[in-house]
Each structure stands twice: as structure tokens, then as C-alpha cells.
Amino acid sequence: MSTLIDWDVAANAAKRFSPPSPRVTRTEADEAVGDLYQATSRAADHVAELTRLVEPPVTAVTRVIDRPAWIDANTGGMRAVLSPLVEKLAADNPVGRVAEGIGGRLTGVQAGLVLGFLSGKVLGQFEFFDRPGGQLLLVAPNLVGVERQLKVVPSDFRLWVCLHEVTHRVQFTAVPWLRQHMLDEVTALTDAVETDPAAIKQRLSGAVGDLVKVARGQGDGSGVMALVASPEQRAVLDRITAFMSLVEGHAEYVMNAVSPSVIPTQEAIEKRFAARRRRGGNPLDRLLRRLLGMEAKTRQYVDGSAFVRTVVDRIGLEDFNAIWTSKATLPTKEEISDPLRWITRVHA
């Protein structure tokens with residue numbers, strides 16, 4: 001068994017580095033948990049109406065959890081996704097031998113730092129790497145913390161977030177090939193990993209200047225991975241970026257398309273949440289977001305939502321849904337920025 005990453009160390013480190021949760025009474029905690037389960041059920045009908053995607057009987061479990069439970073779920077998912085890469089690096093080559101000589105505890109702590117940071121940021125997630133059927137995760141402490149920070153109506157905010165996450169569940173269950181497509185892209189990214197030390201050293205040296213730009217808030221916000229990627233990896237990253245822009249933008253479109261009668265304070269929620277995204281927290285928080293590529297993640301919401309809205313406005317929802325036909329009908333990174341190119345290619 002490879003020791004490149006000690007996942008038990010990663011999980012323990014993440015829990016140590018996870019920020020403290022907001023203070024709540026037992027009554028407040030129970031109310032939040034109950035509200036979130038109810039909001040998930042309510043969201044399903046609205047998502048079905050707004051997407052016109054037929055979701056099969058739900059098998060994905062819904063879990064309202066705390067930060068340690070989110071860390072455990074995502075440690076399992078990362079272990080499953082990264083195992084092929086770890087095995088490749090641990091094979092009989094200098095990179096693998098050096099890394100294993102150092103041991104997995106250091107890399108485990110590094111992974112834990114990332115997971116610990118993210119555990120305080122994620123509101124909800126449809127996770128499908130750890131469990132084939134998928135699981136819809138709602139991180140109650142983070143939701144409560146944000147709704148207090150934004151001073152919004154809790155029930156409205158919780159339903160608004162659940163609309164987004166339930167849309168992801170519908171995407172990956174109503175369109176069953178999406179999960180395997182994502183797994184195939186991760187495999188392609190692993191296959192493109194360069195294990196030649198000289199090539200890695202060359203790209204690392206070339207990335208130092210770009211890394212300084214990232215720390216200063218310059219560059220495209222794609223994070224450290226894009227800086228050291230080979231041309232083959234960049235091609236895969238572009239496809240993954242386009243795919244994530246689509247699924248995130250589609251969920252963003254749905255959560256903001258519900259009738260005002262469903263979420264009366266939605267306009268206020270949207271404005272305050274968008275302002276929160278732009279602020280990005282304290283300087284250290286912003287630096288970590290840039291290094292992890294989370295600024296690119298924010299752009300995925302914005303660009304993807306604009307793409308979906310433009311296509312639906314131009315050709316209607318039924319023709320937009322042709323996008324889920326096969327991987328050939330998925331938009332490219334260029335088409336996300338220019339929706340008319342996708343319309344012309346797919347509906348010529």
C-alpha cells in the first residue's frame with residue numbers, strides 16, 4: 001500500500017485546522033437541521049419544474065452535517081479519486097521513491113490544511129466520489145454562520161441554497177452518464193501527469209513568477225495546479241473547467257429563477273451573497289482562495305449562469321436540454337464565453 005498520502009493524518013489535521021463553528025443553542029441547532037431537510041424536499045419540485053429533467057427515484061442520501069463529518073466524507077472522496085495518481089507517483093521512478101522516503105504524514109498534513117480551510121467555506125455539496133449513489137451534504141454550521149453574517153431570513157436562505165444543491169443531484173441522476181464522464185476526465189488528468197523529474201523541475205521553475213502573480217491577485221485565478229500543468233493536462237483542465245462552469249452555472253440559474261412567491265427575500269439574498277463573494281474575506285483568506293483556484297470557481301458560477309441564461313432566452317429550455325445528450329454536446333471553454341457558438345454548433 002502506498003504511503004504517499006496518509007489520509008488518516010489528513011482527516012485529523014483538517015479537523016484541527018477547521019475554524020470554530022458559530023455558537024448556537026440546542027434548539028437553534030435542531031431547528032436548522034429540521035429546516036434543511038424540509039427545504040431539500042421542497043426544492044425538488046421547483047428544480048423539476050425549472051429544469052424539466054426527469055429525476056429517477058432518489059437513492060442519494062441527504063445528510064445535514066457538521067464540519068468534521070464533511071471532512072470525513074471528502075477525505076473518502078479524495079482518497080478514491082487520487083488513488084490512481086498516488087499509485088502512478090509511487091511506481092518505480094525517482095519521484096515516487098523520494099516522496100515515499102519522506103513519507104505520507106507531511107502530505108497528509110498538507111491535504112488536511114486544504115480540507116480544514118474548505119470545511120469552513122462549503123455550504124452544500126453533492127458528493128458522488130465516495131458513494132456511487134451520491135450524497136447531498138448540507139453543512140449546517142456554515143449555513144448558519146453565513147445567514148447571520150448576511151442578516152437574511154434563515155428559511156429563505158436555506159431553501160435558496162438547497163435549490164442549488166438539489167439541482168446538482170438532479171443533474172447527476174437524471175443524466176446518468178455525467179458521473180462517469182467526470183470520472184473519465186479525472187482519469188485523463190492522471191494519465192497526463194508528468195513523472196519525469198527534469199520536466200517537473202522545469203515547469204516548477206517557470207511557475208515561480210506566476211505564483212507571485214497569483215499571490216498578488218493577478219493571473220486568471222486558476223490556482224497552483226494550472227501553473228505546473230503540462231500542455232496535455234491544460235487541455236483536460238480546460239474541458240473540466242467548461243464542464244464545471246455548465247453544472248455550476250445551471251444550478252445558479254435554477255436557484256435564481258424561482259418565483260418571488262417561493263423565496264420572498266431572494267433579491268436581497270442574491271445581492272448580499274454576491275457582495276460577500278466579491279469581498280472574499282481577510283487577506284490570508286483571499287490568498288488561499290487564489291492559490292487553491294477558488295476565484296476561478298466563483299467565475300464558473302457567473303460565466304456558467306450567463307451561458308445558461310443566454311441559451312435558454314435564445315432557444316428555450318427544451319433545446320437547451322440537448323446539452324445533456326452526450327459529451328459531444330457539452331460546451332467547450334470557449335463556448336461558455338460565447339454561447340452563440342454552442343447554439344450554432346449543436347443546433348445548426
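Coordinates for the structure precede this section.
Predicted, not measured: the structure shown is a model, and the values here were computed from it.

### Some details on the overall build of the chain
Thought 1: Counting secondary structure elements, the chain contains 17 helices and 3 strands.
Thought 2: Burial status across the chain gives 46% buried among its 348 residues.
Thought 3: Looking at the chain alone, contacts between residues at least 24 apart form 81% of all its contacts between residues at least 6 apart.
Thought 4: Carbon and sulfur atoms make up 56% of the accessible area of the chain, which amounts to about 17,300 Å² in all.

### Description of the sheet that holds strand β3 (residues 135-139)
The pairing of strands in a sheet happens through backbone hydrogen bonds and is either parallel or antiparallel.
Thought 1: Taken together, the 3 strands give an open sheet; going across it, the order is β1-β3-β2, and neighbouring strands pair in mixed fashion. The strands lining the two open edges of the sheet, one partner per strand, are β1 (61-65) and β2 (124-127). Going from strand to strand, the sheet's axes swing by 20° on average, the running direction of each strand aside.
Thought 2: Here β1 pairs with β3 via 5 bridges, running parallel. Looking across to β3, one finds that T62 is bridged to L136.
Thought 3: Where helix α2 (residues 26-51) meets the sheet, it contacts β1 and β3, and its direction lies at approximately 155° from that of β1.
Thought 4: Where helix α6 (residues 140-150) meets the sheet, its contacts fall on β1 and β3, and the angle it forms with β3 comes to roughly 45°.

### A few points about unusual backbone geometry
Thought 1: Positive phi, normally seen in glycine, also occurs at R52, with a value near 55°.
Thought 2: With respect to the helices and strands, the residue R52 is situated in the loop between α2 and β1.

### Things to note about the packing of helix α7 (residues 154-174) against helix α11 (residues 231-255)
Two quantities define a packed helix pair, namely the angle between the axes and the distance from one axis to the other.
Thought 1: Two elements in contact, α7 and α11, have axes whose closest approach is 8 Å; the angle formed by their N-to-C orientations is 135°. The angle between the axes of α7 and α11 places the two elements in the oblique class. Considering the relative orientation of α7 and α11, their crossing is right-handed. Residues W160, V161, L163, H164, T167, H168, Q171 and F172 of α7 form the contact with α11, whose own contacting residues are F243, V247, E248, H250, A251, E252, V254 and M255.
Thought 2: Per-class residue counts for the contact of α7 with α11 are 9 nonpolar, 5 polar and 2 charged.

Analysis parameters
- Residues numbered from 1 in each chain as written.
- Predicted model: local features only at pLDDT ≥ 70, side-chain atom pairs only at ≥ 80, totals over all residues.
- Heavy atoms only, no water.
- Helix = DSSP H or I, 4+ residues; strand = E, 2+ residues; numbered from the N terminus.
- Buried < 20%, exposed > 50% of the residue type's maximum accessible area, 1.4 Å probe, protein only.
- Contact = heavy atoms within 4.5 Å.
- Areas by Shrake-Rupley, 256 points an atom, 1.4 Å probe, with all protein chains shown as cover.
- Pairing = 2+ DSSP bridges.
- Axes fitted to C-alpha atoms, helices over the stretch in contact; angles between N-to-C directions.
- Parallel < 35°, antiparallel > 145°, perpendicular 65-115°, else oblique.
- Left-handed = near helix turned anticlockwise from the far one by under 90°.
- Nonpolar A, V, L, I, M, F, W, Y, C, P; charged D, E, K, R; others polar.

Shape descriptors only; they carry no functional weight alone.
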